[in-house]
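Fold and geometry: a report
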Amino acid sequence: DSGGEFGRVTRGRAGGRPPRGLEPARCSRAGMAPRNKRRALAVAMAIGCAIAAYRRKKAQDRSLRDAASAAAAQRSPGTPVGLKKQSTTSESARRKGTGIDRVFLQRIAKLLPILVPGPFCKEAFYLALVAGLMIIRTLCDVWQIRNGTSIESSIITRDAKGFRKYIIRFAAAMLPIALVNNMLRYGLNEIALCFRARLSRHLYKEYLKDFTYYKLSNLDNRISDPDQLLTQDIDKFSNCLADLYSNVSKPVLDISIYAYKLAENVGGLWAPGAMLAYLAASGVLLTHLRRPLGQYTVKEQRLEGHFRQVTQRIITNSEEVAFYRGDAREAYWVERSFRNLERHVRRVMQFRFSVGMIDTVVAKYLATIVGYHIVSRPLLDMTNPRLIGMSAPQMQEEYYRSGRMMLQMAQAVGRLVLAGRELTRLAGFTARVDDLTKVLSDLQANKYQRTLIKSNSRRNLRRSDRNGSSSTSGDEWGDNEPVLLPGAGVVREEDGVIRFEKVPIVTPNREVLVDSLSMEVKRGMNTLICGPNGCGKSSLFRILGDLWPVFGGTVSKPQASKIFYVPQKPYLCLGTLRDQVLYPHDSEEMRASGRRDEDILHLLAKVNLEYLEQQREAGLEAEEDWADVLSGGEKQKLAMARLFYHRPQFAILDECTSAVSVDAEGSLYEECKAQGITLLSVSHRKSLWQYHEYVLRFDGEGGAKFLPIAQVPEFGS
């Protein structure tokens, strides 16, 4: 009970005898209150000083460890360049940006227009509704105090008529008060849900725009757990912000109203002034002690995301892990990830325990002592003109009313002080969400940050370097070497042709796979692409698909809808059998293009998959987990049916028939040529040479040749 003994004293006794604090013979004991107060303050200050000293020592130890790690990273020649430095800088930025400071306010100000886009949106309506309900709720509390005091006074004075009057009033007010309480709770839940909906839709819109989801995972490594951020962190941020709106607004409102009413009862503003002074002092102390909580929140969510990622990897790759008998090794990684999370959570629990001791003393018991002191002063002052001539029941009623108002005000002060803890936790979630919004914005502007690795591999060398010297990352490529910059190349839209003019193929890690590629593929020039692993075949397609930036030269290609990519492992979406053929279109787009379900069945027949529709009662409307239901060959055939539906100018076939028989493969390629689709095929099968007229061959040493197929000796399996 946050009121402690103070709350029990205000309830009084039914026998009519005034409480101990009002007995004239025991008024001398009031002198013990200052001594108890000083003793409690001394204990609280001693505990606070001990915790502050402990935190300073831990901070110094952490600084020494970081300095030692940075020095070791600089001495070690095999350490990834910039990795340790970036990590240290990132941690330092997190430590600076997770407290209640100007940075936190700037982050909240940046997110508020997303959460509340205008004065007439539903979020603004619910905020105003909750504010009004909080005012009504506080006024109801004031009325209950007065009415409850009148009921108790009627009982003590044996006034049956008055008792019936006030008890009927209380019974009549039950339903309205219950309605206000539950509407307030519903309004807060609605605010949290609206905040989550607004923020989720905004971030998912940015995440799924212009391949940002791909860039976040492959071109930039600042965010390692986007799934955690986009789901759990947004939910926790929204709930924390909505709760904080109530946990700050309601106590402030209570303090204002009770201060006004208390000043009327006690006779002056000194009583609420003393409570507000206590609020300011205790708030500064507790906010200072809770500063590390924001850092702990950020790290906890990051560790939660890593643990989730490790678990998800087992689910995604369960078959491969089972074939390798990798149970023990995966158990090691799960245990290691969870042990780090468990260790951190336990450290947070210990920190919360230490600070919780101070919170309890400062926000509850010291608030009760202050309340005792304020309520007792008018009653213990024998010269108080307001109390002269009052009977014992009247004085008792005055004490009850003032005491209960002071109790409510003390509890409001305690809630406001404790709200600082949730505010620090909110700062951690705000930092996480703000980091995501910043990274998404940077990726939209093609600004990437990636930790680069020092390597002696040829593929990390500059185009002008042939002496075996190693290249590094960032600004350490060399004083005389031009640095390859993403987006330095030119991309032009030109119908009916794919042309590369002196384009280097460079990975996001700035590994130069091909020094300079020049080729031109017009419609009808079916091209076979081959070369060793890691030579740049798939990288070429990523540049064509606008997934990777162009580091130089000029790329000319048709608009994106006229180039279609068919991978070795096709992606099967959620939805019906029809949706698998139409992807990424939907049924409305199909009908708008003038096609019908009969056309979809015809395409399935072309790839020998008509039985998929015939074996299912729902036909094309059947919904299943197609990635698990279909075999590898069926998936590849379904992907080819998808290609025939879209009928692009160019098709990139990346080993897309490796699980299909040679006869079926031949019929699929014949259908591509019959539909006028120009092929760019990655394959090492000799059987596919007959369907192509040109070869693009990578040598794996930074070179590539584009030749007619007749000039290249046949190779492959």
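Okay, so let's go over this structure. Keep in mind the model is a prediction, meaning the values are calculated, not measured.

Calculation rules
- Residues numbered from 1 in each chain as written.
- Predicted model: local features only at pLDDT ≥ 70, side-chain atom pairs only at ≥ 80, totals over all residues.
- Heavy atoms only, no water.
- Disulfide = S-S within 2.5 Å.
- Helix = DSSP H or I, 4+ residues; strand = E, 2+ residues; numbered from the N terminus.
- Expected span 1.5 Å × (residues − 1).
- Bend = angle between axes of the 7 residues up to and from the residue.
- Axes fitted to C-alpha atoms, helices over the stretch in contact; angles between N-to-C directions.
- Parallel < 35°, antiparallel > 145°, perpendicular 65-115°, else oblique.
- Left-handed = near helix turned anticlockwise from the far one by under 90°.
- Contact = heavy atoms within 4.5 Å.
- Pairing = 2+ DSSP bridges.
- Core = buried A, V, L, I, M, F, W, Y, C linked by side-chain atoms within 4.5 Å.
- Buried < 20%, exposed > 50% of the residue type's maximum accessible area, 1.4 Å probe, protein only.
- Nonpolar A, V, L, I, M, F, W, Y, C, P; charged D, E, K, R; others polar.
- Phe/Tyr/Trp six-rings, centres within 6.5 Å; stacked < 30°, edge-to-face > 60°.
- Lys NZ or Arg CZ within 6 Å of the ring centre and 35° of its normal.
- Patch = residues over 30% accessible without salt bridge, like charges linked within 9 Å, V, L, I, M, F, W, Y side chains within 5 Å.
- Areas by Shrake-Rupley, 256 points an atom, 1.4 Å probe, with all protein chains shown as cover.
- Salt bridge = Lys/Arg side-chain N within 4 Å of Asp/Glu carboxyl O.
- Lys, Arg positive; Asp, Glu negative; His and termini not counted.
- Charge placed at Lys NZ, Arg CZ, Asp CG, Glu CD.
- Arc of directions from axis to C-beta.

**Digging into the state of the cysteines**
- Scanning the model with the defined rule gives zero disulfides in all.
- Cys121 takes part in no disulfide bond, and the closest cysteine sulfur, belonging to Cys194, lies 8.5 Å away.

**Some words on helix α6 (residues 160–207)**
- Helix length check: α6, at 48 residues, gives a terminal C-alpha distance of 69 Å against a target of 70 Å (1.5 Å per residue), a fit within 8%.
- Its maximal kink placed at Met174, α6 deviates by approximately 40°, while the proline Pro176 follows within four residues.

**A word on the packing of helix α17 (residues 597–606) against helix α20 (residues 632–646)**
- Packing of α17 against α20 leaves a shortest axis separation of 9 Å and a crossing angle of 130°. Between α17 and α20, the angle is such that the two are oblique. Classified by chirality, the crossing of α20 by α17 is right-handed. Of α20, the residues touching α17 (which contributes Ile600, Leu603 and Leu604) are Leu638, Ala641, Phe644 and Tyr645.

**Here we look at the sheet that holds strand β8 (residues 678–682)**
- Pairing within the open sheet is mixed, and its six strands lie in the order β6-β7-β8-β4-β9-β10. Sheet topology places β6 (563–566) and β10 (704–708) at the edges, where each strand pairs with a single neighbour. Strand-to-strand twist of the sheet, defined as the mean angle between neighbouring strand axes without regard to direction, takes the value 15°.
- In terms of strand pairing, strand β9 (residues 694–698) meets β10 through five bridges, oriented antiparallel. The residue of β10 that forms the bridge with Arg697 is Lys705.
- In the packing of α20 onto the sheet, the strands contacted are β6 and β7 (650–654), and the crossing angle to β6 comes to about 175°.

**Considering the sheet that holds strand β1 (residues 490–493)**
- Pairing in this open sheet of four strands is mixed, and the strands run β1-β5-β2-β3 from one edge to the other. Bordering the open sheet on either side are β1 and β3 (512–522), each of which pairs with just one other strand. The sheet shows a mean angle of 20° between the axes of neighbouring strands, direction not considered.
- Note that β1 and strand β5 (residues 554–557) share four bridges and pair parallel. Bridging across to β5, Arg492 finds its partner in Ser556.
- Running over the sheet, helix α14 (residues 537–544) touches β2 (497–506), β3 and β5 and is turned about 120° from β2.

**As for the nonpolar core**
- Ranked by size, the top nonpolar core spans 61 residues in total, and within it Ile191, Leu199, Leu203, Phe237, Tyr278 and Leu426 carry the most contacts.
- If you list the elements that add at least two residues to this core, you get α4 (102–115), α5 (122–156), α6, α8 (226–266), α9 (270–289), α12 (327–380) and α13 (392–444).
- Ranked by residue count, the leading element in this core is α13, at 15 residues.
- Residues Leu620, Ala641, Leu643 and Leu653 belong to the second largest nonpolar core, which totals 34 residues.

**Digging into the packing of α4 against α6**
- Look at α4 against α6: their axes get within 9 Å of each other, and the N-to-C directions meet at 100°. With respect to α6, the element α4 is oriented roughly perpendicular. Here Leu111, Ile114 and Leu115 of α4 come into contact with α6, specifically with Phe195, Arg198, Leu199 and His202.
- Among the residues forming the contact of α4 with α6, the class breakdown is five nonpolar, one polar and one charged.

**Points about the packing of aromatic side chains**
- Tallied over the entire structure, the rule returns 10 aromatic pairs.
- A centroid spacing of 6.3 Å and a plane angle of 85° characterise the contact between Tyr204 and Tyr207, whose relative ring orientation is edge-to-face. Remark: Tyr207 and Tyr204 occur in helix α6; sequence separation between them is three residues, near one turn of the helix.
- When its relative accessible area of 15% is taken as the criterion, Tyr207 is described as buried.
- Members of the aromatic cluster, connected to one another through ring pairs, are Tyr204, Tyr207 and Tyr213.
- In this structure, Arg595 packs its charged tip against the face of Tyr645, placed 4.4 Å from the ring centre.

**Some details on a positive patch on the surface**
- A grouping of Lys161, Arg164, Lys165 and Arg169 is seen on the molecular surface, where their side chains present a positively charged patch.
- Tracing the chain through its elements places Arg164 in helix α6.

**Description of α4**
- The end-to-end C-alpha distance of α4, which contains 14 residues, comes to 20 Å, matching closely the 20 Å that a straight helix rising 1.5 Å per residue would cover.
- What α4 keeps buried is the set Phe104, Arg107, Ile108, Leu111 and Leu115. Axial view of α4: buried residues confined to an arc of 100°, hence all on one face. Opposite the buried face of α4, by more than 90 degrees, sit the exposed residues Arg102, Leu105 and Pro113.

**Notes on the pattern of salt bridges**
- Scanning all chains against the criterion turns up 26 salt bridges.
- Among the ionic pairs, Lys522 bridges to Glu520, the shortest N-O distance being 3.9 Å.
- The class for Glu520 is partly exposed, based on a relative accessible area of 27%.
- The shortest N-O distance in the salt bridge between Glu665 and Arg685 comes to 3.0 Å. Taken as a pair, Glu665 in helix α21 (residues 662–674) and Arg685 in the loop between β8 and β9 lie far apart in primary sequence, 20 residues in all.
- Each of Asp220, Arg222, Lys438 and Asp442 takes part in salt bridges that share partners, so that together they form one network.

These results come straight from atomic positions and should not be treated as a statement about function.
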